[in-house]
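# Topology and contacts: notes
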Amino acid sequence: MTTLQIAALVAVMAAVTFLTRALPFLLFGRGGQPPRVVLYLGRFLPPAVIAMLIVYCYRNTSFAAPGGWAPGLIAGLAVVGLHLWKKNNMLSIVGGTILYMALVQLVF
Amino acid sequence: MNRKTLAAAFPHTVPVLMGYLSIGVVFGWMLSAAGFAPTWAALMSAFIYAGSGQYLGVDLLKSASPLGDAAFLTLMINFRHLVYGLSMLEKFQGMGWRKLYMVFSLTDETYALLAGVSAPEGVNEKDFYFAIALLDHLYWIAGSILGAAAGALITINTEGIDFAMTALFLVIAVEQWQSNARHAPVFLGAAGTLACLLVFGPDNGRFLIPALAILVAGLLLMRPRLEGGGEQ
């Protein structure tokens, strides 16, 4: 990729991120109440979207060989287990990632 | 903003300091491992400033994603910010030019701090909010640069480091699961997305577009049940 292409991608991500933060102020900053359906989606859509993004992360899982699915499954379960146990973001993320790296590099 | 304000704000931001340094280091390292110069880590953290958004950004840069796909995915992942703004409308009133920065820097962590703190006696409330937002942003930039520099200097086999993004989303999911009494949206999200993945295939993440349509439609259909079942 050229520097310009990288810069364009970063700029798009920055602009869209800012837009999601600015939109409520633009739409409702003058004292209007947001419609109830917006509040409803604001409350229940995020957990659905996180589930969607987890499926996205696992989109390239393959069942042709154990190396295509086992590392992701084992490390994923480890992250959930660690987080239920210690509730420490850093421990869960770094621990799970190191386990995954060890599995793909050394085991499978 | 003066030293007194910074000194008052700093203790409140220590948990974010720890969190942002570590999550930022992992982000910087991932970006280095994907072959991008540390300058990009610094620029992304300065101008995008979104944890999970930037983890996803590494993926988008690595796969040279088309701009439209990048915009859509970024929108998806940052959708939750729409809710934060709603509860900050009053807090940010009368902050002048700094309001723009407050809106830009409204991350999950800064939101959580601002929602819970109040300025001590003798410290201007708006300066105090601004100091918290600015400190958090600096921690994030510092962590990213540290991680990117480490990734550029230390050459170990980094295959699999991109799993950090999956791990981050799993952590968010566990926390949402524990703070919500209703889990139907989680099952809807997983099943709807999986169905679209099977039908459309994994390329460029485009299956997320029909998946999102299914999620919104599904949630609207479930509204009487989810809303009617009493508050959590």
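Residues numbered from 1 in each chain as written. Chains lettered and ligands numbered in written order. Predicted model: local features only at pLDDT ≥ 70, side-chain atom pairs only at ≥ 80, totals over all residues.

### Quick word on the overall build of chain B
Within chain B, the regular secondary structure consists of 11 helices and 0 strands. Order of helices (α) and strands (β) in chain B, N terminus to C terminus: α-α-α-α-α-α-α-α-α-α-α. Overall, chain B is about 60 × 55 × 30 Å in size when its C-alpha atoms are taken along their principal axes. Residues counted as buried form 45% of the 232 residues belonging to chain B. Within chain B, contacts between residues at least 6 apart in sequence are counted, and of these 77% link residues at least 24 apart. (Helix = DSSP H or I, 4+ residues; strand = E, 2+ residues; numbered from the N terminus. Buried ≥ 20, exposed ≤ 12 C-beta atoms within 10 Å, placed from the backbone. Contact = placed C-beta atoms within 7 Å.)

### A short note on the interface of chain B and chain A
It is common to report an interface's size as the accessible area lost on association of the parts. The partner chain A presents 56 residues to the 69 residues of chain B that form the contact. Among the elements that take part in the side of chain B that touches chain A, helix H9 (residues 163-179) of chain B stands out by supplying 13 residues, more than any other. Counted by class, the side of chain B that touches chain A contains 48 nonpolar, 17 polar and 4 charged residues. (Nonpolar A, V, L, I, M, F, W, Y, C, P; charged D, E, K, R; others polar.)

### Points about the packing of helix H1 (residues 3-28) of chain A against helix H2 (residues 38-47) of chain B
Relative orientation and spacing of two packed helices are given, respectively, by the angle between their axes and the distance between those axes. Direction vectors running N to C along H1 of chain A and H2 of chain B enclose 20°, while the axes themselves pass 9 Å from each other. In terms of their interaxial angle, H1 of chain A and H2 of chain B are classed as roughly parallel. For the pair H1 of chain A and H2 of chain B, the crossing hand works out as right-handed. Seen from H1 of chain A, the contacting residues are Ile6, Val10 and Ala14 of chain A; seen from H2 of chain B, they are Trp40, Leu43, Met44 and Phe47 of chain B. (Axes fitted to C-alpha atoms, helices over the stretch in contact; angles between N-to-C directions. Parallel < 35°, antiparallel > 145°, perpendicular 65-115°, else oblique. Left-handed = near helix turned anticlockwise from the far one by under 90°.)

### Some thoughts on the nonpolar core
Counting residues in hydrophobic clusters, the biggest one holds 99 residues, and the most contacted among them are Ala48 and Met52 of chain A together with Ala164 and Phe169 of chain B. Broken down by element, this core gets its largest block of residues, 13 residues, from helix H2 (residues 36-57) of chain A. Each of domain 1 (3-153) and domain 2 (180-228) of chain B gives at least three residues to this core. If sequence neighbours within four positions are ignored, Ala164 of chain B has contacts with Ile93 and Thr97 of chain A together with Val26, Met30 and Tyr55 of chain B. (Core = buried A, V, L, I, M, F, W, Y, C linked by C-beta atoms within 7 Å. Domains from an automatic or database assignment.)

### Regarding the environment of Trp69 of chain A
All names here are of chain A. One can find Trp69 in the loop between H2 and helix H3 (70-86). Separated by 11 residues in sequence, Trp69 and Tyr58 have C-alpha atoms that sit 8.9 Å apart. Not counting residues within four places of it along the chain, the set of residues in contact with Trp69 comprises Thr61, Ser62 and Phe63.

### Considerations on the confidence of the model for chain B
All names here are of chain B. Mean pLDDT over chain B works out to 89, with 97% of the residues at or above the 70 mark. The least confident element of chain B is helix H5 (residues 81-88), whose mean pLDDT is 74; the most confident is H2, at 97. Taken together, the chains of this predicted complex give a pTM of 0.84 and an interface ipTM of 0.90. (pLDDT = per-residue confidence, 0-100.)

### What to know about unusual backbone geometry
Residues and elements named next belong to chain A. A positive phi angle, close to 55°, is found at Lys87, a residue other than glycine. Following the sequence through the fold, Lys87 ends up in the loop between H3 and helix H4 (89-107). Residue Lys87 is classed as partly exposed on the basis of its C-beta count, with 13 C-beta atoms lying within 10 Å.

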